[in-house]
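# Examining the three-dimensional arrangement
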Amino acid sequence: MYVAVKGGEAAIQNAHRLLADRRRGDRSLPAITIEQVVQQLGLAVDRVMAEASLYDRSLAALAVRQARGDMIEAIFILRAYRTTLPRFGSSEPIDTARMKIERRISATYKDLPGGQLLGPTFDYTHRLLDPSLLGDGAVAEPARKEPGEAVMRVSDILDSDGLIEGDGTMPEGHVPGDLTREPMEFPMPRDLRLQALARGDEGFLLALAYSTQRGYGRTHPFVGEIRIGEVEVELDVPELGFAVSLGVIRVTECQMVNQFKGSANEPPQFTRGYGLVFGQSERKAMSMSLVDRALRTEEFGEDIVAPAQDQEFVISHADNVQATGFVEHLKLPHYVDFQAELNLVRRMRRDYETARDGEGDMKEAAE
Amino acid sequence: MSATEKRADPSEPAAERRDAMRLLARATLAELSAAWDSIADKPVVAPVRGPETGLVMVRGRIGGSGDPFNLGEATVTRATVRLSGGEIGHGQLLGTDKERARYAAIFDALFQSPAHRPAVEALQRQIAARLLAEERRKAEETAATRVDFFTMVRGED
């Protein structure tokens, strides 16, 4: 029998009204605008877009504001919104080789075509709190220089010598899988794993990536290349018969170069892990590429000995909306469930006491 | 046949329209509405579809150039209009701005009308110039952060 209990309607209404008040905060301060969040908290916006798996800077900023800065709540809100929209189609694959580069670094080659372009990075800052940001002081215009030669992929440099495995291929005729349309099944092909990792929780992937470095499934990684910048998104429009550009999105790509694999038929080559994330999110792209490589363990005939190599463990727990849903549901009323548990534990205690008393009686009888 | 193969040849008229649509997708509302206001003999515009907002699944490639995978979705707004001259125009752009999508559809339709095409081309030049200046500025700002390595010699010989 299932008994529904109603109640708390007024309490819930007032709680939400209180939430709105606390979200707004001190009314003597100006309210933050969506444009301000987009412009000045851009990396928070990027994280929400990446993990909600929905590219829309304004809506992600709205979600951040609505969630009072709670990132997972904001991701949840944006995920929920996407379910209300129809899907028009799938884009042509974005071409990261033609990215308008805003940052590009390599840890494997010092001098490479296009050079090391640091871009707007936190690297080499001293991580000291900056008191000038307490106020609203003038900020200098960026320096400018004549752009140099075009950048080249590091993987292409290694590939030209045959020293690295090629870009990933799927079996002939494979249609890219879509986690939002099909239930998860294991073993999961690499294209679906990459989709799951691209929307996976940054903290979870960071921890797993770190675990591989500490020896739990070591892959001997080098950052071949990280690049951040804008790429065009093109959609094939059936009415027109050709693909048209819808505009540009910013993405972060990481090519991780890992230690060798060879066989009787193939000479040793570097292996690779790949990371691609919406927005500017280097930590996430790096973590993704490390975990991607770790999850290819079986492909290279290696043993699964660590959590980061176990695809069912990694993929099933990477989604923070699913995770928070299941963890947080524990706070919802479980009154009836708990009554049943209470009855059970009382009965077990009675049985225990009866057994103990019975044992006592037996002992006495024996003596 | 893959979508890449049926991509229009640059010499075809379709390629010109594709270029126009590419720029219209990146036009600001101010650019579009100003260009519309400056058209003297405005045709009557009838909506055919939308404007409506939906999603496009953005695909990436494994390893950068390998086989495709689904990266995540993006919001897209599209519209289709018919002009009193019979031209049908499609507008589609990233984001949720219905007004911009409707204008993009109108200018795509105007592009097909010989009388109005010069106005669309003027708008295209304006958008292209703005984008080029923005890209140039960003490229120069990035170039200024390029590392110039130098070697420090320590000790003697």
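These figures come from a predicted structure and were not determined experimentally.

Rules and cut-offs
Each chain carries its own residue numbering, running from 1 in the direction its sequence is written. In the order they appear in the text, chains get letters beginning with A and ligands get numbers beginning with 1. Only residues with pLDDT of at least 70 are given local features in this predicted model, and only at 80 or more are side-chain atom pairs given and counted; all residues enter the totals for whole chains, interfaces and linings. Only hydrogens and water are removed before side-chain values are computed, so all heavy atoms of the structure are retained for them. A helix here means a DSSP run of H or I that spans at least four residues, while a strand means a run of E at least two residues long, and both kinds are numbered starting from the N terminus. To sort residues, take the accessible area from a 1.4 Å probe on protein chains only and compare it with the maximum for the residue type: under 20% means buried, over 50% means exposed, and anything in between is partly exposed. Domain borders in the structure are assigned automatically or taken from a domain database. Contact definition: two residues touch when any of their heavy atoms are within 4.5 Å. Summed over both partners, the accessible area lost on bringing two parts together, with a 1.4 Å probe, is the buried area. When a carboxyl oxygen of Asp or Glu lies within 4 Å of a side-chain nitrogen of Lys or Arg, that pair is called a salt bridge. When the centres of two rings from Phe, Tyr and Trp lie within 6.5 Å, Trp using its six-membered ring, the rings pair. Their planes under 30 degrees apart give stacked, over 60 give edge-to-face, and anything left gives tilted. The criterion is that NZ of a Lys, or CZ of an Arg, lies within 6 Å of the ring centre and within 35 degrees of the ring normal, and then a charge sits over that ring. Each axis is a line fitted through C-alpha atoms, and for a helix only the stretch in contact is used; angles between axes span 0 to 180 degrees, taken between their N-to-C directions. What sets the label is the angle itself: under 35 degrees gives roughly parallel, over 145 gives roughly antiparallel, 65 to 115 gives roughly perpendicular, and the rest give oblique. The crossing is said to be left-handed when, going from far helix to near helix, the turn is anticlockwise and less than a right angle, and right-handed when the turn is clockwise. Amino acids outside the nonpolar list (Ala, Val, Leu, Ile, Met, Phe, Trp, Tyr, Cys, Pro) and the charged list (Asp, Glu, Lys, Arg) are all regarded as polar, and Gly is one of them. Here a polar contact is recorded for every N or O atom pair within 3.5 Å, except that within protein the pair must consist of a potential hydrogen donor and a potential acceptor, and residues adjacent in sequence are included only if both atoms are side-chain atoms. Strands qualify as paired when DSSP identifies two bridges or more between them.

## Considering unusual backbone geometry
Residue and element names in this part refer to chain A. Cis geometry marks the peptide bond from Phe186 to Pro187; its omega dihedral reads 0°. Its place among the elements puts Pro187 in the loop between helix 6 (154-160) and helix 7 (190-198). Backbone geometry at Ser53 places phi at a positive 65°, although glycine is not the residue there. Mapped onto the elements of the fold, Ser53 is located in the loop between helix 3 (42-52) and strand 1 (54-55). Judged by its relative accessible area of 3%, Ser53 falls in the buried class. If you check the backbone angles, Arg68 has positive phi at about 55° while not being a glycine. Tracing the chain through its elements places Arg68 in the loop between helix 4 (57-66) and helix 5 (71-82).

## Remarks on the domain arrangement of chain A
Quoted interface sizes are often the accessible area lost when the parts come together. Residue and element names in this part refer to chain A. Along its sequence, chain A is organised into domain 1 (9-82) and domain 2 (96-120 + 148-168 + 179-325). Inter-centroid distance (C-alpha atoms) of domain 1 to domain 2 is 29 Å. In this complex, domain 1 contributes 15 residues to the contact, which on the side of domain 2 involves 18 residues. For the pair domain 1 and domain 2, the summed buried area comes to about 1500 Å², and 57% of that belongs to carbon and sulfur atoms. Sorting the residues of domain 1 by area buried against domain 2 places Glu51, Tyr55 and Arg79 first, and these three jointly supply 38% of that buried surface. The interface formed by domain 1 and domain 2 includes two salt bridges. Between Asp319 and Arg79 there is a salt bridge, with its nearest N and O atoms 3.1 Å apart.

## Focus: the packing of aromatic side chains
Given two aromatic rings, one states the distance between the centres and the angle between the planes to describe the pair. One pass over the structure, following the stated rule, counts three aromatic pairs over all chains. Both rings, one in Tyr55 of chain A and one in Phe278 of chain A, keep their centres 5.3 Å apart while their planes meet at 80°; by these two values the pair is edge-to-face. Of this pair, Tyr55 of chain A sits in strand 1 while Phe278 of chain A sits in strand 6 (residues 269-278), and the two are 223 residues apart along the sequence. Phe278 of chain A sits in the buried class, given a relative accessible area of 2%. With a centroid separation of 5.2 Å and 50° between ring planes, the pair formed by Phe260 of chain A and Phe270 of chain A is classed as tilted. Of the two residues, Phe260 of chain A sits in strand 5 (residues 242-261) while Phe270 of chain A sits in strand 6, which places them ten residues apart along the sequence. Sitting over the face of the ring of Trp36 of chain B, Lys42 of chain B holds its NZ or CZ atom 5.7 Å from the ring centroid. Lying over the aromatic face of Phe88 of chain A, Arg78 of chain B brings its terminal NZ or CZ to 3.5 Å of the ring centre.

## Quick word on the environment of Gln40 of chain A
For Gln40 of chain A, the location among the structural elements is in helix 2 (residues 34-40). Along the backbone, Gln40 of chain A and Ser28 of chain A are twelve residues apart, and their C-alpha atoms lie at a distance of 21 Å.

## Focus on the packing of helix 8 (residues 202-213) of chain A against helix 9 (residues 282-294) of chain A
Any two packed helices are characterised by the angle at which their axes cross and by the distance between the axes. Residues and elements named next belong to chain A. Running from N to C, helix 8 and helix 9 cross one another at 55°; their axes reach a closest spacing of 8 Å. With respect to their mutual orientation, helix 8 and helix 9 come out oblique. The handedness of the crossing between helix 8 and helix 9 is left-handed. Taken together, the residues of helix 9 that come into contact with helix 8 (itself represented by Glu202, Leu205, Leu206, Leu208, Ala209 and Thr212) are Arg283, Lys284, Ser287, Leu290, Val291 and Ala294. Residues of the contact of helix 8 with helix 9, tallied by class, amount to seven nonpolar, two polar and three charged.

## Concerning the environment of Met170 of chain A
Assignment of secondary structure puts Met170 of chain A in the loop between helix 6 and helix 7. Residue classification places Met170 of chain A among the buried positions, given a relative accessible area of 12%. Spatially, the C-alpha atom of Met170 of chain A lies 8.0 Å from that of Arg190 of chain A, the residues being 20 residues apart in sequence. Sequence-distant contacts of Met170 of chain A, defined by excluding residues within four places in its chain, comprise Pro189, Arg190 and Asp191 of chain A together with Ile62 and Asp67 of chain B.

## A look at the interface of chain B and chain A
Counting residues at the interface gives 60 residues for chain B, matched by 77 residues for chain A. In this assembly, chain B packs against chain A so that about 6100 Å² is buried in total across both faces, 59% of it on carbon and sulfur atoms. Linking chain B to chain A there are ten salt bridges. Salt-bridge contacts for Lys138 of chain B lead to Glu102 of chain A; the nearest nitrogen and oxygen are separated by 3.9 Å. Inspection of the chain B/chain A interface yields 31 residue pairs in polar contact (both at pLDDT 80 or more). Of all the secondary-structure elements, those providing two or more residues to the side of chain B that touches chain A are helix 1 (13-24), strand 1 (45-61), strand 2 (68-83), strand 3 (88-94) and helix 4 (117-143) of chain B. Per-element tally for the side of chain B that touches chain A: the top contributor is strand 1 of chain B, with eleven residues. The class makeup of the residues in the side of chain B that touches chain A is 22 nonpolar, 17 polar and 21 charged. Two strands pair when backbone bridges link them, and strand 2 (residues 87-90) of chain A and strand 1 of chain B are joined in this way by three bridges, in the parallel orientation. Residue pairing across strands places Arg87 of chain A opposite Leu55 of chain B, the latter belonging to strand 1 of chain B.

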